[in-house]
Amino acid sequence: MSTVVRTMCPMNCHPTLCGMLVEIEDGRVLSVKGDPDNPDSQGFLCVRGQASREIIGNPERLLHPMVRNRRGGDWRRASWAEVLDRIAERMHEAGRLAVATWTGHGVAANNYGMRLTGNLVRRFANLYGCQTWGSQMICWGLGGFGLGLTGVLETSTKEDMGAHANLIVLWGANLASQPNTARHVAAARRRGAHVVTVDVRETEAAAQSDEVFVLRPGTDAALALAMMHVIVREDLHDRAFVERNALGFDELAAHVRAHSPAWAEAITGISAARIEALARRYATTRPAMIVIGGSSMYKGANGWQAGRAVACLPALTGNLGVSGGGFGPRHGSTSHGHGLASIAANGRRPPGDYVIDQMPRITEALVAGRIRVMLLWGTNMVSSFADANQVVAGLRRCDLVAAHDLFMSDTARECADVLLPATSWLEEVGMKATNTHLYLMPQALEPPGEARSASWVLRELARRLDLDDFFPWASDEGMIDAVLDHPATGHATVAQIRGTGGIHPQNVSHVAYPTLAFDTPSGKVEFVSERAKRHGLPALPVYEPLPSSPYPLEFRQGRTLTHFHGFYDHGRALPSLARADAEPVLWISPVDAAARGVADGAAIRIHNERGALEARARVTDKVPAGTVWMRDGWRGVNNLTSGAPSIPDEACELFPFTAGQSAYDARVEVSPEPLG
Ligand code: SF4
């Protein structure tokens with residue numbers, strides 16, 4: 001007799017996560033389906049979500065702790081006691097400041113939005129006093145930095161967008177990153193809303209759009225500045241809104257005078273006439289919502305300036321605090337009114353010489369041998385960090401690298417000494433938060449083999465390290481209750497949410513900034529930012545060209561519908577995703593391919609001064625000449641990318657999230673032959 005369990009998809013398309021019904025019989029998953037009663041997804045479950053059923057019973061799962069005495073050597077099975085003792089011993093030997101933890105998206109597969117496991121790892125690091133860093137630096141942190149300087153971090157919901165926006169600008173926001181948003185874009189379009197895509201290639205979102213603006217990578221800020229030039233020049237801005245709610249309009253108006261559409265045409269590759277038309281359409285269509293990219297548009301040293309400049313547009317046109325305006329769903333964003341308690345114990349970190357929350361500094365610390373024990377949680381670090389060759393070199397200097405995960409990853413293969421088998425989303429209790437709801441994810445299966453949750457592993461390590469107060473709760477549910485214990489949830493509990501079918505509406509506003517109190521020291525939108533100036537950054541939004549390079553092609557990476565970062569060994573462990581995305585494929589324009597003698601489907605070598613990657617060419621006019629693009633997550637992609645800092649060290653901790661992202665810039669050459 002089978003049972004049906006209500007849970008959530010274990011991918012992390014935050015904030016538009018989807019509900020899932022899992023049919024289980026005798027410990028086996030018979031099917032996964034979209035949950036029609038989930039208010040966020042209403043039965044939707046995309047191809048990635050469907051593939052999650054292949055996690056359970058997968059022969060590639062890590063089921064037992066494993067150790068090896070030499071990297072590259074053979075793994076042998078070990079007991080939990082042996083591996084935990086070994087980790088604790090190495091930690092003692094190294095000393096706390098030579099121990100580090102790093103978490104990836106895997107820790108959030110059953111708690112995205114709630115920060116359960118991520119903050120539990122941070123609590124462990126804080127109480128123990130070791131190094132730990134914010135993983136937003138891989139993803140949306142740098143863009144969030146730009147948005148935050150302007151003061152526009154909250155987002156409106158996908159439902160508000162679908163019901164009220166009359167113009168939607170998908171700015172670097174590919175719907176492959178948040179497929180559940182696409183339904184609401186389509187609903188808006190059926191109402192007559194106009195949809196525009198701005199991106200470096202023709203994405204899945206472009207196919208759903210009325211207009212597509214393909215710009216040169218790293219030039220988003222130039223486009224936004226030129227739009228502001230047109231809006232101010234033609235007096236299309238909302239004077240009353242700006243006077244009441246923004247600081248520095250006069251300086252901004254004087255500043256954008258030099259940033260004409262003709263100036264931007266030469267930089268972005270978009271004609272001045274189209275820029276003018278876009279600016280007029282944006283300023284005169286009310287309400288207009290921008291859905292801004294969560295990650296890939298910031299993979300460049302000037303990515304924060306894109307966030308900073310684009311964030312000025314809604315304020316300039318009075319599009320904030322109104323239904324259908326402002327910013328729509330963005331990875332890592334929250335709605336107005338959202339709140340949770342933190343279990344991270346950030347105030348209890350003992351003094352010490354900590355490596356700042358800045359990716360290049362972490363890599364430097366590894367390469368310098370300053371980190372001797374690295375504890376990795378649900379992360380494929382060498383596929384996600386920029387300048388990955390340096391990261392591998394640094395991890396190999398460690399005395400011990402332990403990886404807690406569901407499957408082997410390239411990081412584990414190349415750098416780990418200890419493998420810790422993790423539980424999947426059905427094998428532990430969890431909870432996810434979208435922008436509007438909290439969803440219980442009950443334990444539905446016994447863990448296979450000796451798989452254990454991160455919570456269990458951390459507790460066992462804490463016991464060995466005498467961290468008495470690490471886990472003061474009676475159970476994982478008690479820990480979740482502690483996070484829920486916040487006025488914004490009405491001090492909800494797991495028991496209470498279970499009693500209401502596992503679904504708990506949050507008391508939030510569908511419209512961001514309904515009170516027009518913004519996230520800045522002045523409480524207003526800051527066109528001019530004194531904070532930026534204090535940290536050695538331009539006070540006004542600017543466009544800065546990317547570093548010059550002898551390599552001719554601008555390389556960018558991003559999402560497809562059939563993968564999620566380096567999850568599940570780049571998707572290779574899940575057969576349906578592996579079939580759909582079998583190998584690294586580089587999009588290259590017909591012009592660039594012909595100039596290099598590269599045929600569609602040919603084996604190629606992508607290379608620059610940092611490294612090389614073998615791939616297959618996809619010759620397509622969906623990417624313009626001068627730009628090449630590839631799905632992210634493949635091992636080797638980030639051998640090509642720059643590990644230089646994007647912002648000064650002292651600016652990295654300006655916000656509660658870290659913005660310390662490496663530049664990730666990469667100019668490359670493409671050759672028709674594979675590496676020998
Ligand atoms: S859109 Fe994201 S959360 Fe929803 S089913 Fe697909 S992968 Fe899962």
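Keep in mind that this is a model prediction, so the values were computed, not measured.

Undergrad: Kindly report on the overall build of the chain, identifying the contributing residues and their values.
TA: Counting secondary structure elements, the chain contains 24 helices and 25 strands. At 24 Å, the chain has a C-alpha radius of gyration in line with the 26 Å of a compact globule built from 676 residues. For the chain, the C-alpha atoms occupy an extent of roughly 70 × 60 × 55 Å along the three principal directions. Sequence separation of 24 or more characterises 76% of the internal contacts of the chain that already satisfy a separation of 6 or more.

Undergrad: Pulling in residues and values, what's your account of the site of the ligand?
TA: Every residue lining the ligand is accounted for by Cys 9, Met 11, Cys 13, Leu 17, Cys 18, Leu 45, Cys 46, Arg 48, Gly 49, Pro 179 and Asn 180. Among the elements of the structure, α1 (47-51) and α6 (179-191) are those that each provide at least two residues to the shell around the ligand. In the shell around the ligand, the residues fall into eight nonpolar, two polar and one charged.

Undergrad: Residue-level account of the pairing of strand β6 (residues 99-103), with values.
TA: Most of β6 sits inside the fold, with five of its five residues counted as buried. Burial of β6 is two-sided: the residues Val 99, Thr 101 and Thr 103 facing one way and the residues Ala 100 and Trp 102 facing the other way are all buried. As paired elements, β6 and strand β13 (residues 373-377) share five bridges and run parallel to each other. Counted as the bridge partner of Thr 103 is Trp 377 from β13. Between β6 and its parallel partner strand β7 (residues 131-132), the chain crosses via helix α3 (residues 116-128), and the hand of that crossover is right-handed.

Undergrad: Provide a residue-level description of the environment of Pro 314, including the pertinent values.
TA: If you trace the backbone, Pro 314 turns up in helix α13 (residues 312-316). By C-beta crowding, Pro 314 is classed as buried, having 27 other C-beta atoms within 10 Å. Sequence separation between Pro 314 and Ala 283 is 31 residues; the distance between their C-alpha atoms is 8.8 Å. Apart from residues no more than four positions distant in its own chain, Pro 314 is found in contact with Val 152, Ile 290, Asn 319, Leu 320, Gly 325, Gly 326 and Phe 327.

Undergrad: I'd like a rundown of α6, residues and numbers included.
TA: Taken as a whole, α6 has its buried residues at Pro 179, Asn 180, Thr 181, His 184, Val 185 and Ala 188. On its buried face, α6 sits against α5 (158-164), β8 (167-171) and β9 (194-199). Phi turns positive, to about 110°, at Gly 192, one or two residues after α6.

Undergrad: Describe in detail the sheet that holds β9, supporting the description with residues and values.
TA: On the basis of which strands lie adjacent, the open sheet formed by four strands has the order β10-β9-β8-β12 and parallel pairing. Every other strand in the sheet has two partners, leaving β10 (211-214) and β12 (288-292) as the edge strands with one partner each. Going across the sheet, the axis of each strand differs from the next one's by a mean of 15°, ignoring polarity. Looking at chain direction, β9 and β10 are connected through four bridges and run parallel. When the sheet's bridge partners are listed, Val 198 is paired in β10 with Phe 213.

Undergrad: Before we move on, could you go through helix α9 (residues 249-256) and cite the residues and values that matter?
TA: Among the residues making up α9, those that are buried are Leu 252, His 255 and Val 256. When α9 is viewed along its axis, its buried side chains cluster within an angular range of 85° and face the same direction. Facing away from the buried side of α9 by over 90 degrees, the exposed positions are Asp 250 and Ala 254. In this structure, the buried side of α9 is in contact with α7 (220-233) and α13.

Undergrad: Can you explain the nonpolar core? Please cite residues and give values.
TA: Judged by nonpolar contacts, the single largest core of 212 residues is most densely connected at Ile 168 and Met 227. Apart from the residues lying within four places of it in its own chain, the contact partners of Ile 168 are Met 161, Val 185, Ala 188, Ala 193, Val 195, Met 289 and Val 291.

Undergrad: Which residues make up the packing of α3 against helix α18 (residues 454-464), and what are the values?
TA: The N-to-C vectors of α3 and α18 enclose an angle of 10°; their axes lie 10 Å apart at closest approach. In this view, α3 runs roughly parallel relative to α18, as classed from their interaxial angle. Taking contact as the criterion, the partners of Thr 117, Leu 120, Val 121 and Phe 124 in α3 are, on α18, Ala 454, Ser 455, Leu 458 and Ala 462. Partitioning the contact of α3 with α18 into residue classes produces six nonpolar, two polar and no charged.

Undergrad: Just give me the short version of the domain arrangement of the chain, but keep the residues and values in it.
TA: Split into domains, the chain comes out as domain 1 (3-55), domain 2 (68-132 + 345-434 + 437-505), domain 3 (141-335 + 515-534) and domain 4 (553-671). Look at where the C-alpha atoms of domain 2 and domain 3 centre, and you get two points 35 Å apart.

Undergrad: Any details on the environment of Val 401? Residues and values, ideally.
TA: Tracing the chain through its elements places Val 401 in strand β14 (residues 400-405). Between the C-alpha atom of Val 401 and that of Arg 71, which follows or precedes it by 330 residues, the distance is 9.9 Å. Other than its neighbours up to four places away in sequence, Val 401 contacts Met 374, Leu 376, Leu 395, Cys 415, Ala 416 and Asp 417.

Undergrad: Tell me what's going on with the sheet that holds strand β4 (residues 66-67), and back it up with residues and numbers.
TA: Spatially, seven strands are ordered β5-β4-β15-β14-β13-β6-β7 in an open sheet, and the strand pairing comes out mixed. Looking at which strands have only one partner, the edges of the open sheet turn out to be β5 (76-77) and β7. When β4 meets strand β15 (residues 418-421), the two strands line up antiparallel, connected through two bridges. Paired with Met 66 across the two strands is Leu 419, which belongs to β15. Relative to β6, α3 is tilted by about 170°, and along the sheet it contacts β6, β7 and β13.

Undergrad: Please provide a residue-by-residue account of unusual backbone geometry, values included.
TA: For the peptide bond that leads from His 14 to Pro 15, omega is 5°, which places it in the cis range. Relative to the helices and strands, Pro 15 is located in the loop between β1 (3-8) and β2 (19-25). Residue Pro 287 is bonded to the preceding Arg 286 through a cis peptide linkage, with omega at -15°. Inspection of the secondary structure assignment puts Pro 287 in the loop between α11 (272-284) and β12.

So, how was this worked out
Residues numbered from 1 in each chain as written. Predicted model: local features only at pLDDT ≥ 70, side-chain atom pairs only at ≥ 80, totals over all residues. Helix = DSSP H or I, 4+ residues; strand = E, 2+ residues; numbered from the N terminus. Rg over C-alpha atoms; globule rule 2.2 N^0.38 Å. Contact = placed C-beta atoms within 7 Å. Near = placed C-beta within 6 Å. Nonpolar A, V, L, I, M, F, W, Y, C, P; charged D, E, K, R; others polar. Buried ≥ 20, exposed ≤ 12 C-beta atoms within 10 Å, placed from the backbone. Pairing = 2+ DSSP bridges. Right-handed = clockwise from strand over helix to strand, strands pointing away. Axes fitted to C-alpha atoms, helices over the stretch in contact; angles between N-to-C directions. Arc of directions from axis to C-beta. Core = buried A, V, L, I, M, F, W, Y, C linked by C-beta atoms within 7 Å. Parallel < 35°, antiparallel > 145°, perpendicular 65-115°, else oblique. Domains from an automatic or database assignment.

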